[in-house]
Structures are given as structure tokens and as C-alpha cells.
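Spelled out, the chains give:
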Amino acid sequence: GELALPELQRPSVWGDAKIPLLLESAYRDYPFGVILIWTPEAESQIVCRDFEFEEKRNNGAPRAARHYLIDGQQRLTSFYRSLHEEGNPPRDWTIHVAFNVRKEEFSLIDGKIKSMLTHPRDHGWYRLRALLKMGPEDLARLRREQNQIDLDDENFQAIFGTNGRLWRLLPQNISIGLYNIHERSYREVVEIFERINQGTPVKESQIVLGKLSEFDPGIVANVERYLAESRKKHGRSFDLDFFAVTFAVLVRGFAEVVPLPNEYRWKFQENADKMRSAIQADVERTKKAIDRALRFMDDLLKMDTLKYIRSPRTMTCLVYLLEKFEMRSEEHTSELQSRQY
């Protein structure tokens, strides 16, 4: 409970195939990078997203944690998914890994490995979680199973002995290097997050919304909730990029999302209250404009949106055109009313 995930972080995106390699690095005592945390001033409350394995969903809620995780979410989540006690996180986040005691290899348990787990004497594959729970009697039985094959006493002790390599994977034994950013401002932390993720597949939209969250805490959870509800209602796979690009087009007239934070700063001269109000109003404007376009497709044209509009950019154009049409229509109605008066 002392470590929280600030909303500027992206969701967990690592593919499962990376997890055995991470476990092997820890097993062989290879460095697997430093975990970057931020310790702000005491009593600071930061809007956070949940770790993917947390049962309670409090996305968008301010949280007063001792530390906030800036870099290392993918690694910590991967350790948790593969090493935790089964049944703690949602079932679909549990990763099953096997370890070969002869080759000292890790593998996801696919169909082929699963069939070999039933004959460990022949193949040397065991479930990793089961190995980490073994006591002296279980280890003695494993030793008897393998004593006729390639696992000699020296290798057995190197893996399972008192200081054996396998025990490095017990959660309390995993050695994690920490670098702590002490009492930096939220803006500096956002800048650090952007720099350390340059060259990695972090979406520009995620970074931009992270920057805007300095002035509108909760914007990330607000937008992600809206997109999740839209997907349920309309069956579309519109993601954060679609929303951010549409947001930029409606606010700036251009599809580039990166300049958005600086444009608000320039327009409102760093006035935090005015910036927050403007950002919130523009987010709601974007949501209403997208809803209008979806209603236009679903209700008026009776078209299957998934079938006829596959590109989010095409949908962005439709959102923009419909909003312009709506504004012109409102102006025309207002003009007619004035003449009648």
C-alpha cells in the first residue's frame, strides 16, 4: 500500500513472452534495470490509476501514498503475475510459468509444455510456483526423480541448495534497484517520465494526457472510462489515440496532439484554474461531439459503424464535420430568430 501508480503512467503493455526472460534475469542474477520512484512532499495527494492486478478499481481517485512508481510498472507487474499466490489477482492476469531443472530454462506453459509436466522424470519440466513452495521432503522426491539423468549433485545444489539460484525468485529475495526522485514538482516528474520513455512504445496521447493531468487531475481516468463505455455501447475499438487526435482537431484544428499542453499554457498564461476549466470543457466537448457522430451513424444512417468506418481517422473527420455543421445550424437558427424578433 505504500506504492501507487500515478495517472500519467500507461496501462501494463508487456507481452507475456517477455516474462520468462525477466525471470531468467533474476534467476541468473543479471541486472534488469532500476525501478524509478517518486517521493513527493509529505501529504501530497496524486490522482492514480490501479495496478492491473489490484482487485479494487479506484482509477481517477487522489491517493496519498508514500511513493509513486514512475518507471518499472511492466517489470513489477510481470513479477506479480508470475510469482504471486494463485487466486489473488483476476484469473486472466495469472501467468503460468514452467522451469526445466536440467536445462535451467523458463517457459510459459503452452500446450506442449503442459503435456510434459505430467512426466517430469522424462522431461525435467515443473511448474515454477510448485517448485518455489517445495520443502525438504518435496525436494528429496524431486532429487530421486532426476537422479538417473543429467542433474548431478553439484547442479542440484547450485539450483536447490541453501543458497541455490531458484530461491532468488522468492518475492522477498528479488533484488530490485531503486532510484528515488525526492520532492520534485509534478511538472518535473511528467518531464522525466516523457524523457525516460523516449524511444519506447509509449503513445504520444498517453504522454500528452499525462501532461494535462498537471492541471486537470483525473483527466486520464475520465477519458479511459468514456472510451470503455463507448466500446460497450457501440462495439468500437476506439482507443486513447483516437480520442486525443479528435480532441486536438476540435480544439486546435490540427491532428497533432503534442502541442496541446503548451497551447493551454500559452493561452491562459499558466493560470491553473482557467486552464483546468478550459481543459475540462474541451474534454466534455470532445465527448459530446464523438457521441453525436456515433448517433448519426447508428440512429440516422442505420449503418454498422464497425463495418463501414474502420479507420479512427475517418471517424475523427466525421466528428469534426458534424460539429461544424451543428455550429453553423445553431448560428443559422439564431439568425432566423433574430429576424423574426
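Please refer to the structure placed before this passage.
Being a predicted model, the structure only gives us computed values, none of them experimental.

Draft legend 1. Layout of the overall build of the protein. Helix and strand counts for the protein stand at 15 helices and nine strands. Split into buried and exposed, the 341 residues of the protein put 44% on the buried side. A separation threshold of at least 6 residues defines the contact pool for the protein, and within that pool the share at least 24 residues apart is 67%. When the accessible surface of the protein is totalled, it reaches about 19,200 Å², and 49% of it is carbon and sulfur.

Draft legend 2. Molecular detail of the layout of surface pockets. Approximately 650 Å³ is the volume attributed to the largest pocket. Residue lining of the largest pocket: 21 residues in total, with Leu3, Phe51, Phe53, Leu76 and Tyr80 positioned closest to the centre. Looking at the lining of the largest pocket, the elements with two or more residues in it are strand E1 (3–6), strand E2 (34–39), strand E5 (67–71) and helix H2 (73–83). In terms of residue count, the dominant contributor to the lining of the largest pocket is H2 (four residues).

Draft legend 3. Examining the sheet that holds E5 more closely. Strand order in the open sheet formed by six strands is E4-E3-E1-E5-E2-E9, and the pairing between neighbours is mixed. Of all the strands in the sheet, just strand E4 (61–63) and strand E9 (177–182) have a single pairing partner and so form its edges. Recorded for the sheet is a direction-independent mean angle of 55° between the axes of neighbouring strands. Relative to E4, strand E3 (residues 46–49) is paired through three bridges, and the arrangement is antiparallel. If you follow valine 47 over to E4, its bridge partner there is proline 62.

Draft legend 4. A look at the packing of aromatic side chains. For the coordinates displayed, the defined rule picks out 10 aromatic pairs. Seen from their ring centres, tryptophan 38 and tyrosine 186 are 6.1 Å apart, and the 65° between their planes marks the pair as edge-to-face. With tryptophan 38 in strand E2 and tyrosine 186 in helix H8 (residues 186–196), this residue pair connects regions lying 148 residues apart in the sequence. When sorted by exposure, tryptophan 38 lands in the same class as tyrosine 186, which is buried.

Draft legend 5. Seen up close, the pairing of E1. Pairing geometry for E1 and E5, over two bridges, is parallel. Following the sheet pairing, leucine 3 is matched in E5 by histidine 67. Where E1 lies against E3, two bridges are found, and the strand directions are antiparallel. Bridging from a neighbouring strand, proline 6 pairs with cysteine 48 of E3.

Draft legend 6. Up close: H2. The buried fraction of H2 amounts to nine of the 11 residues, a majority that puts the element mostly inside the structure. Those residues of H2 that are buried lie in contact with E1, helix H1 (18–27), E2, E5, strand E6 (97–100) and helix H5 (128–132).

Draft legend 7. Expanded view of the environment of aspartate 282. Here aspartate 282 lies in helix H13 (residues 272–300). Spatially, the C-alpha atoms of aspartate 282 and valine 251 are 7.0 Å apart, while their sequence positions differ by 31 residues. Discounting chain neighbours no more than four positions away, the residues touching aspartate 282 are Phe247, Val251 and Tyr264.

Draft legend 8. Spatial organisation of unusual backbone geometry. Even without being glycine, glutamate 104 reaches a positive phi, approximately 55°. Along the chain, glutamate 104 falls in the loop between E6 and strand E7 (105–108). Positive phi, normally seen in glycine, also occurs at glutamate 183, with a value near 50°. Within the secondary structure, glutamate 183 is located in the loop between E9 and H8.

Draft legend 9. How the structure looks around empty space enclosed by the protein. If you walk through the whole model with that rule in mind, you get one cavity of 30 Å³ or more. Empty space within the largest cavity amounts to approximately 30 Å³. Considering the residues around the largest cavity, the lining is formed by Ser12, Trp14, Gly15, Ile19, Gln74, Thr77, Ser78 and Arg81. For the lining of the largest cavity, the element with the most residues is H2, which contributes four residues. Its residues placed into classes, the lining of the largest cavity shows two nonpolar, five polar and one charged.

Draft legend 10. Region of the structure containing the sheet that holds E6. Taking strand neighbours across the sheet as the criterion, the three strands line up as E7-E6-E8 in an open arrangement whose pairing is antiparallel. Both outer strands of the open sheet, E7 and strand E8 (125–127), are each paired with one neighbouring strand and no more. Taken pair by pair, the neighbouring strands of this sheet meet at an average axis angle of 30°, ignoring direction. As judged from the three bridges shared by E6 and E8, these two strands associate in the antiparallel manner. Across the sheet, the residue bridging to alanine 98 is arginine 127, located in E8. Helix-sheet contacts for H1 involve E6 and E7, and the interaxial angle to E7 is about 155°.

Draft legend 11. Layout of the packing of helix H9 (residues 204–212) against helix H11 (residues 240–252). Between H9 and H11, the shortest axis-to-axis distance is 9 Å and the interhelical angle comes to 60°. Put simply, H9 runs oblique to H11. The interaxial crossing formed by H9 with H11 has left-handed handedness. Along the contact surface, H9 presents Ser205, Gln206, Leu209 and Leu212, while H11 presents Leu240, Asp241, Ala244 and Phe247. A breakdown of the residues in the contact of H9 with H11 according to their chemical character gives five nonpolar, two polar and one charged.

Reading the values: the criteria
- Residues numbered from 1 in each chain as written.
- Predicted model: local features only at pLDDT ≥ 70, side-chain atom pairs only at ≥ 80, totals over all residues.
- Heavy atoms only, no water.
- Helix = DSSP H or I, 4+ residues; strand = E, 2+ residues; numbered from the N terminus.
- Buried < 20%, exposed > 50% of the residue type's maximum accessible area, 1.4 Å probe, protein only.
- Contact = heavy atoms within 4.5 Å.
- Areas by Shrake-Rupley, 256 points an atom, 1.4 Å probe, with all protein chains shown as cover.
- 1 Å grid on protein atoms, 1.4 Å probe; cavity = no way out; pocket = protein on both sides within 12 Å on 5 of 7 lines; lining within 4 Å.
- Points joined across faces, edges and corners; volume = space filled by probe spheres on them.
- Pairing = 2+ DSSP bridges.
- Axes fitted to C-alpha atoms, helices over the stretch in contact; angles between N-to-C directions.
- Phe/Tyr/Trp six-rings, centres within 6.5 Å; stacked < 30°, edge-to-face > 60°.
- Nonpolar A, V, L, I, M, F, W, Y, C, P; charged D, E, K, R; others polar.
- Parallel < 35°, antiparallel > 145°, perpendicular 65-115°, else oblique.
- Left-handed = near helix turned anticlockwise from the far one by under 90°.

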